[in-house]
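So the chains spell out like this:
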Amino acid sequence: MARIGIIIVIVGIIISMGAAMYMYTQYQTNFIIGKSGEAVTVGPVEYIVTFDGTHEGNKERIPENTFVKIKIIAKNISNEDTRISGGQFYIVDEKQQNHRAVYGKFSADDLLDHILEPNKPVMFTTQFDIPYDEQNQYSITIRPTKIQSTTDTAVICITNC
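The rules behind these values
Each chain carries its own residue numbering, running from 1 in the direction its sequence is written. In keeping with the model being predicted, local features are shown solely for residues with a pLDDT of at least 70 and side-chain atom pairs are shown and tallied solely at 80 or more, while totals for entire chains, interfaces and linings include all residues. Values shown for side chains rest on all heavy atoms present in the structure; no hydrogens or waters enter the calculation. A strand pair is defined by DSSP finding two or more bridges across the two strands. Secondary structure elements are taken from DSSP: a helix is a run of H or I of four residues or more, a strand is a run of E of two residues or more, and numbering for both begins at the N terminus. Note on method: axes are straight lines fitted to C-alpha atoms, helices fitted across the in-contact stretch only, with angles between N-to-C directions ranging 0 to 180 degrees. Ring pairs are drawn from Phe, Tyr and Trp, using the six-membered ring of Trp, whenever the two centres fall within 6.5 Å, and their geometry is named by plane angle: stacked under 30 degrees, edge-to-face over 60, tilted for the rest. Only protein chains enter the accessibility calculation, which uses a 1.4 Å probe; a residue whose area is less than 20% of its type maximum is buried, one above 50% is exposed, and one in between is partly exposed. Note on geometry: a ring has a charge over it if NZ (lysine) or CZ (arginine) is within 6 Å of the ring centre and within 35 degrees of the ring normal. Whenever a carboxyl oxygen of Asp or Glu lies within 4 Å of a side-chain nitrogen of Lys or Arg, that contact is scored as a salt bridge.

## Observations concerning the sheet that holds strand β1 (residues 30–35)
Sheet architecture is open: 5 strands sit in the order β1-β11-β10-β6-β7, paired in mixed fashion. Of all strands in the sheet, those with a lone pairing partner are β1 and β7 (98–100), marking the two edges. Going across the sheet, the axis of each strand differs from the next one's by a mean of 30°, ignoring polarity.

## Some words on the packing of aromatic side chains
As enumerated under the stated definition, the model contains 3 aromatic pairs in all. Here the aromatic rings of Y47 and F89 are separated by 5.8 Å at their centres, their planes lie at 85°, and the arrangement is edge-to-face. With Y47 in strand β3 (residues 45–55) and F89 in strand β6 (residues 89–92), this pair connects stretches of sequence that are 42 residues apart. Across the pair, F89 and Y47 agree in class, each one buried. Seen from the ring of Y90, R143 lies directly overhead, with NZ or CZ sitting 4.7 Å from the centre.

## Description of the pattern of salt bridges
Enumeration over the complete set of coordinates arrives at 3 salt bridges. Salt-bridge contacts for D52 lead to K69; the nearest nitrogen and oxygen are separated by 4.0 Å. Note that D52 is positioned in strand β3 and K69 in strand β4 (residues 66–76), a separation of 17 residues in sequence. Classification of D52 as partly exposed rests on a relative accessible area of 34%. For the salt bridge of D113 with R83, the shortest nitrogen-to-oxygen distance reads 2.7 Å. Of the two residues, D113 sits in strand β8 (residues 113–116) while R83 sits in strand β5 (residues 82–85), which places them 30 residues apart along the sequence.

## What about the sheet that holds β4?
Strand order in the open sheet made by the 4 strands is β2-β3-β4-β9, with antiparallel pairing throughout. If you trace the sheet from one side to the other, it starts and ends with β2 (39–42) and β9 (122–130), each paired once. This sheet shows a mean twist of 35° between the axes of neighbouring strands, independent of strand direction. In this sheet, β4 lies alongside β3 in antiparallel orientation, the contact comprising 9 bridges. What sits directly across from V49, in β4, is I72.

## Focus: the pairing of β2
The alternating pattern of β2 places V40 and V42 on a buried face, while none of A39 and T41, on the opposite face, is buried. Note that β2 and β3 share 4 bridges and pair antiparallel. Paired with V42 across the strands is V45, a residue of β3. Connecting β2 to the next strand, β3, in antiparallel fashion are 2 residues, including G43 with a positive phi near 65°.

Put into structure tokens, the structure is as follows:
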């Protein structure tokens, strides 16, 4: 009787370990690596991200360091509308530190929040306030929004790749 109980416990442990491994692989982040100007797909959106220079802000918003500006071309490749926002984009510096996008009316193309319609590419810009050194390598990380429900994350090298 005790042997049957031990066998049941061991089988239960093996089944729970198998279920845990399955769930782990299903929700593991899928990193997509790209370079500036290449198309990468994160969930239902295809992105092309390029370095668009640096600037010193405007009258209302002056950076602590330097604004690094990127150009984003986004195309919804699904059949339903989806959301894109500046909060999905991070710049990663040489020290592997993430910096969030800075919002402001720097141009008419600034990305804050937008609904992408199917198969209609749209161009945006956004900027990051970082201590910029043109000799360093910088990359952009794109994470999906919650409604896109994907485990994809893109990492795009934009300078000194």
